[in-house]
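Examining the three-dimensional arrangement
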Amino acid sequence: MSFDFNIPLSVRDLVKSGGINQYVVQDVSSVRQLGAQISGFRAALRSKGPLCILEHFDTPYSVLYHFQSAEPPLKEETLELLVQVVSRLSSALPAQLDDASLDSAQRRDLLNTVKMSCFLLSKLAESFENDAFKPGIVTATSKGNKKVKSKGIAGFDWESEREGVLQALIQLLQLDIRRLWNMSLVEEEFTSCVTCCCYKLLENPAINQVKSKGTRDGVIHLLGVLVKKYNHLLGASVKIIQLLQHFEHLAPVCVQAVSLWVSEYGVRSIVGEVMREIGQKSPEELSREGSGVRAYAAFLTELAACIPAAMLPSISVLLDHLDGESYTMRMAVLEVMGEMVSQVLSGEELEESGRDARDQFLDTLQEHLHDTNSFVRSRMLQTFTRIVNKKALPLARFRDVLTLTVGRLVDKSVNVCKNAIQLLAAFMANNPFTWKLSSVDLKAPLQKEVDKLKEMKDKAKEQAPVAVIEAWELWEAMEPELLQTVQSELQKGREEREGEEERVEETALAAAENIAHLLRNNKYRQAVSLTLACMKTFPEDDLFVVSGGEEEEEDEEDKPTEEVVMAVMALIFKGPEKSSESGGVETGNPQDPPLPSSEPGDPSAAAELLSKQEMLVQYLRDTHDFAVKIEEAIAVISTMLYWKTTSVVQEAIDFFVTVSEFGVSQALVGVRRMLPLVWSKDAGVKEAVVEAYRRLYLNPAGDSQRAKAQSLVQNLSMLMVDASLGTIECLEEIIFDFFQKKELPPAVLQLLWERFTGKLSSSSLERRAAVLLLGMAARAEREIVFSNLDTLVSVGLGEKVQEDFQLARDTCITIGKIADSGKPKPGKSSKPFRLPQDHQLFTCLTNAITTGLLSQDLYWLSFSEHAVSLLYRLSESPDRTCAHILRRCSALLLEELSKEGEASSQSDNSLEEKDLSQSQPSVSGSLPSYLLSHLLSLVGCVGFHQVEHLERSVSAELRRRRVEKEEQEEERGGRGKAGAATRRKSKAGDDTLDEEMGLVGASAEDTEAELIRRICETELLSGEQMLSSFVPLILQVCNNPGKYSDPQLTTTACLALSKYMMISSEFCDSHLRLLFTMLEKSALPSVRSNTIIALGDLTIRFPNLIEPWTPHLYARLRDDAPSVRKTAVIVMTHLILKDMVKVKGQVSEMAVLLMDSEQEIMALAFNFFNELAAKDNAIYNLLPDIISRLSDPENGIEEEPFHTIMKQLFSYITKDKQTESLVEKLCQRFRTARTERQWRDLAYCLSLLSFAERGLRKMQENFECFGDKLGEEAVYQSFITTMGKIRRGAKPEVKALVDEFEHKLTACHTRGMENLEPGESQPAPISTPASKLDKRGARGARSQALSTQNRNDDSDFVTPRPRRTRKPAPRRQRAAITFSSDEEDEESAGELEVESETPKVQTPIQRSSRRTRTKQ
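Residues numbered from 1 in each chain as written. Predicted model: local features only at pLDDT ≥ 70, side-chain atom pairs only at ≥ 80, totals over all residues. Heavy atoms only, no water.

The subject of this paragraph is the overall build of the protein. Scanning the protein for helices and strands turns up 66 helices and zero strands. For the protein, the proportion of its 1416 residues judged to be buried stands at 49%. Of the contacts made within the protein by residues no fewer than 6 positions apart, 76% connect residues no fewer than 24 positions apart. Accessible area for the protein stands at about 69,300 Å²; split by element, carbon and sulfur atoms hold 49% of it. (Helix = DSSP H or I, 4+ residues; strand = E, 2+ residues; numbered from the N terminus. Buried < 20%, exposed > 50% of the residue type's maximum accessible area, 1.4 Å probe, protein only. Contact = heavy atoms within 4.5 Å. Areas by Shrake-Rupley, 256 points an atom, 1.4 Å probe, with all protein chains shown as cover.)

Structure, rendered in structure tokens:
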């Protein structure tokens, strides 16, 4: 057969007429004929081998031609035969190619066979792939694919057959079949035929899946062969770009392909070609693409992670994308640079060019830490994290990158902050300095070495000459001029020289020193003359004789030459070693001693020491700077622990664990600050905190079990030092978790007991920490404390209790762990746990309280509070025990009075009201104030815990007994006669109705509650009870602050009064005026702070009594003392958010705190409004009244703070309906506004709203309300700003409305301005002096609610109205002007109506028992 097979562009092109000697398909068989022809094809393959394709090409071609209509078995059989043809051809070709007798005809047949078989197999594989994956018809889902796979004969799976096709093609193309073509030039059509099949397989979305790994690897290797042997490099690079542009899922596959071609096939140039193709993409084009840009970026990033060295030479083609709009491409290029720095351009062996490239890359990465896009900034931080983790960041860059990272901690993007924390943690984990980084510890060594360096430099300056020049350097400088002088001297006659000869010294050595001196002073002629004279005078001396002059004749000895003279002077000036080197004339004996003119000693050793010291100082300075930066970051990251983003909080927790492991001094601040997060509702955050403490404290260092326990206990004890009670409670939750999971060994408990009892030498702090840790463990296992109760009592509360009341207090806390929690347990109720009344514990507590009463120890107050609490929790009759304690304490005080001789002694131990009232006048003059303070604190604690005992323990016990009695009656009734059962059956209907209505047991519970209430109201403070005896003393101290001026006494009396008021509503009502007087008039911030806390508790317990006094609570938000304002905002936040106080316009006082000078108060105010905004319409309902009060001409604030506050409040208005309603309300308020300031404020508030067409129409409807105010420039500008906001992004029809309305606004503004005469301003109906308002700021506007007159007169104290002027008549006018909708609260307390939202039920004491604490 003599023909040439040319591969067509399309399958159907082969049926058309071709060129001369070109193969054309003569007859395309029909579908019916295909079965028989395929059988013939199979037989021919068995008989003739792969060359049968030359005769039977039309048969598989016909199947390919009729692929859509042919039966699946025929297609699958044809595919199998073609795979066999290609495989057998691969086996036969090597021998035939090496056959030397192969002629041109045989070569042509082999070439046609290769072309035909590859063409048919590739096209048939494409057809199968198209049939299996039809993106236009079937979506790329698993269900669609499964349906397609189900077609065909049993056992055929195209996904598995693809691997066989690819392996057959790889096996064939790996042979050197290029010799079949003329000059080994393979035609491009042949290569494209195979590559099109490969790229078609890659377009399948399932190519990334694990099940397609064989197909993916086969395609990549086949393309690798084509790229390397068949000149497909350029085509592959272009095709990769096209695939990435249209198929985003191919980025990992393309990375795998390119990296394999580079590593296994050695085709490195394809990397540059692909990068060049991406680099030539215009930034404008990339900014419009979506998936294509993401695919390019993913490809570059992953490729850089695999083969960064191959990408390094071509990185310049990508740099233009750093200035483009596509941030995705910027991230990719920058990540490529980062991979090159971390994997290629790292280490000390880099050449100069590599260092320059690394520095340029790092400069670029640092610049983009300030990129405009947050995703780029975040990715750069991740890149630097990888660089630092691989230790590829040069030490010289540490400071700069660390500074930039700390700056990113305050980034507005949460992801940036999170990645900045990760980078800082990487810096700590990979720092090259030291394992312990504490600026405090490093400062002293640094200063010491700096002083040492300074001393060494000063010493070097003293020893070294100003300029050290070697002798040979001077000789080389003077040699030309000296040679001329020698020549001129030798030319003179002997007579002339003899007349000018210098005087010769007595010795040759002295003469040589003189010659050297003359040479140093540039006296060359004299030096030469003296040298000539010495050579004549000392002819035998080694200094003036130069040996080796054999060429000289004897008769010329007296005529020295210029060379000899120069050699002699060189020997004298430089010494024997240098002279022989430079002069070229050997001198005398090399063992001669050094001459006086030789150079000084070498200072290289001193210089080396100085260099080492400078390096040490630089190392210490870098280490100190690094520690300072880390501590600066700690201060910022500690605030992130309470962010709402869980991932940031978790990163911050991990960071503090890392810095703690490196001994950073400030790390303990963060470790403690994260403790309250153990109560977080987010399980991830809570687990992160527990895991952090587990890493820090449960992996101690030590060789033995006891050593590890000692280290663990010591670490936990350090946390307890100076810890607040809140911190201890949080730590208790973590320790409880450790003990519950058995993570703490028994040796820890043993060591804690040894520390507490003193068997192991410990400080007082360590003993207190030990007893608290034992109490924490008791939560998990009660027997830890209960079985050692006697030890706790004898050690902590025994005879030495007065030496350490803090240890006694902590012992009470630990013993309290064995008491019941107070929460009702499910199931059958059991008797409460109580100790016998004669237990040693109560005796020790009684003695400790009474003996400590006379002590001046500051910690006795907190001890007595916990001791009384412990008595009420564990004693069977705590009221009797406490009454006994009060009698003993009262008697002790009376004894103190009697010792001074200022009061009569009392024989009876009981203290009657008459006795106490008689002794009061002398108490203030003789008894120390701390004694009264101790007594009143104890009295208040007893009163508070007595009512708590009644409402908790007694009430629960009554309920338990009632239930137990009912159960016993039911058991007895069950054993009764049948008649009883009949009677119960007759009443079954009534009982069922009671159960449905929830009335079973209700009457009994009401009776019990009424009994407790009656006891509190009528008995506890009656004249017969012990508590009532102290009421006159408490009132005496509270009513006379001038007489009892001690701060601690006043504070304690105030708290005692408030605790008494918690007992009885009648007592509370009768003394509310006194308590509010102390709140308003007390000069002590501690009294005011404690009073407002007490009033918060009273509001919860007796809401109806406190409600008329609510304005006074709001008034403390403007207190001058920051501590009082802070306490007030905390209390009011609690009351408002718990709906215990009705929120009215007075909440504007909270808004003023948004501009408070104290950052902590500002944060609390922001938190309040954030929480309030979570309630539906809360901010929306309050906004009009807040605006009215803050813009009030008399009690408002300045405009600038007003604007800042309004920006924050209006940010909570997000609903369209709220916005539209506010537009209407604010427009209506223009009618009642009477000052220009109010106009400006209302207009500014309107400009803060984001409303669209409906809001604009509302404004147009209410134009008459503000049209006459547009003459004011600020009002007009605010409305113009509002129109500009509406215009942005509005539809054309809305823009037309905006333009029309804006024209109307401008017309009114112009008309208003024309009505004004030149030099005249538009007057406001009510004039407000500007100076008065300008001088009043956010803090300046804060005023006390009580007038000066009321401050000076206690007896005339009445409930004041917060914002009143001195003249009542104008006050009513101005109240009308401020157009507040909630002015009802300005009325007197007696006219106030009870609001429906105010709770009416008296609240049990336990809801507020933990908040009233004495603040010292």
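Next comes the rest of the description.
At 3.6 residues per turn, the α-helix brings residues three or four places apart onto the same side. In this model, helix 14 (residues 291–306) (16 residues) spans 22 Å end to end at C-alpha, consistent with the 22 Å of a helix rising 1.5 Å per residue. Among the residues of helix 14, Gly292, Val293, Ala295, Tyr296, Ala297, Phe299, Leu300, Thr301, Leu303 and Ala304 are the ones counted as buried. Contacts made by the buried residues of helix 14 are with helix 10 (233–246), helix 11 (251–263), helix 12 (269–279), helix 13 (283–288), helix 15 (308–311) and helix 16 (327–343). (Expected span 1.5 Å × (residues − 1).)

Turning to the packing of helix 4 (residues 72–98) against helix 5 (residues 104–132), a few remarks are in order. Relative orientation of the contacting elements helix 4 and helix 5 amounts to 145 degrees, with a least axis distance of 10 Å. Seen along the crossing, helix 4 lies across helix 5 with a hand that is left-handed. Touching Lys75, Glu76, Thr78, Leu79, Leu82, Val83, Val85, Val86, Leu89, Leu93 and Gln96 of helix 4 are Leu110, Thr113, Val114, Ser117, Leu120, Leu121, Leu124 and Phe128, all from helix 5. Among the residues forming the contact of helix 4 with helix 5, the class breakdown is 13 nonpolar, four polar and two charged. (Axes fitted to C-alpha atoms, helices over the stretch in contact; angles between N-to-C directions. Left-handed = near helix turned anticlockwise from the far one by under 90°. Nonpolar A, V, L, I, M, F, W, Y, C, P; charged D, E, K, R; others polar.)

This part takes up the packing of helix 58 (residues 1216–1229) against helix 60 (residues 1253–1261). Orientation of helix 58 relative to helix 60, taken along the N-to-C sense of each, is 15 degrees, at an axis distance of 9 Å. For the element pair helix 58 / helix 60, the angle class is roughly parallel. With respect to the hand of their crossing, helix 58 and helix 60 are arranged in right-handed fashion. Residues Glu1220, Val1223, Glu1224 and Cys1227 of helix 58 form the contact with helix 60, whose participating residues are Arg1254, Gly1255, Lys1258 and Met1259. Looking at the contact of helix 58 with helix 60, its residues break down into three nonpolar, one polar and four charged. (Parallel < 35°, antiparallel > 145°, perpendicular 65-115°, else oblique.)

Judged by nonpolar contacts, the single largest core of 376 residues is most densely connected at Trp261, Ile270, Phe299, Tyr693 and Met1206. No other element matches the 12 residues that helix 43 (residues 929–974) contributes to this core. The contacts of phenylalanine 299, once residues within four sequence positions are left out, are Ile240, Leu244, Ala251, Cys254, Val255, Val258, Val274 and Ile278. With 30 residues, the next largest nonpolar core counts Trp475, Val486, Tyr524 and Leu530 among its residues. (Core = buried A, V, L, I, M, F, W, Y, C linked by side-chain atoms within 4.5 Å.)

A word on the packing of aromatic side chains. What the rule picks out here adds up to 27 aromatic pairs. Ring pairing ties together the aromatic residues Phe5, Tyr23, Phe57, Tyr61, Tyr65 and Phe119, which thus form one cluster. Taking NZ or CZ as reference, arginine 12 lies 4.0 Å from the ring centre of tyrosine 65, over its face. A cation over a ring is seen here: arginine 779 above phenylalanine 736, with NZ or CZ 4.2 Å from the ring centre. (Phe/Tyr/Trp six-rings, centres within 6.5 Å; stacked < 30°, edge-to-face > 60°. Lys NZ or Arg CZ within 6 Å of the ring centre and 35° of its normal.)

Counting across every chain of the model gives 58 salt bridges. Between arginine 706 and glutamate 754 there is a salt bridge, and its shortest N-O distance comes to 2.7 Å. Taken as a pair, arginine 706 in helix 32 (residues 705–720) and glutamate 754 in helix 34 (residues 746–757) lie far apart in primary sequence, 48 residues in all. By relative accessible area, arginine 706 is classed as partly exposed at 36%. Here glutamate 964 makes a salt bridge to arginine 960, at a shortest N to O gap of 3.0 Å. Residue glutamate 964 and its partner arginine 960 are located together in helix 43, separated by four residues, close to a single helical turn. We classify glutamate 964 as partly exposed; its relative accessible area is 32%. (Salt bridge = Lys/Arg side-chain N within 4 Å of Asp/Glu carboxyl O.)

Between its first and last C-alpha atoms helix 1 (residues 34–48) spans 20 Å; for 15 residues at 1.5 Å apiece the expected length is 21 Å, and the two agree. Buried within helix 1 we find Leu34, Ile38, Phe41, Ala44 and Leu45. Taken down its axis, helix 1 places every buried residue within 120 degrees of arc, on the same side. Of the exposed residues in helix 1, the ones pointing more than 90 degrees away from its buried face are Ala36, Arg46 and Ser47. Looking at the packing, one finds that the buried side of helix 1 touches helix 2 (53–56), helix 3 (58–65) and helix 4. Glycine 49 lies just past helix 1 and shows a positive phi near 85 degrees. (Arc of directions from axis to C-beta.)

The next point concerns the environment of alanine 132. With respect to the helices and strands, alanine 132 occurs in helix 5. Sequence separation of alanine 132 and glutamate 159 is 27 residues, and the distance between their C-alpha atoms is 9.1 Å.

Next up on the list: the environment of isoleucine 1063. As for its position among the elements, isoleucine 1063 is in the loop between helix 48 (1047–1061) and helix 49 (1065–1081). The spatial distance from the C-alpha of isoleucine 1063 to the C-alpha of threonine 1018 is 9.8 Å, given a sequence separation of 45 residues. Apart from the residues lying within four places of it in its own chain, the contact partners of isoleucine 1063 are Gly943, Val947, Cys1016, Leu1020, Leu1021, Leu1027 and Arg1101.

Below, the discussion takes up the side chain of asparagine 1262. Along the chain, asparagine 1262 falls in the loop between helix 60 and helix 61 (1263–1266). In this structure asparagine 1262 comes out as buried when scored by relative accessible area, which is 7%. If we skip the residues at most four places from it in the chain, asparagine 1262 touches Glu1224, Cys1227 and Gln1228.

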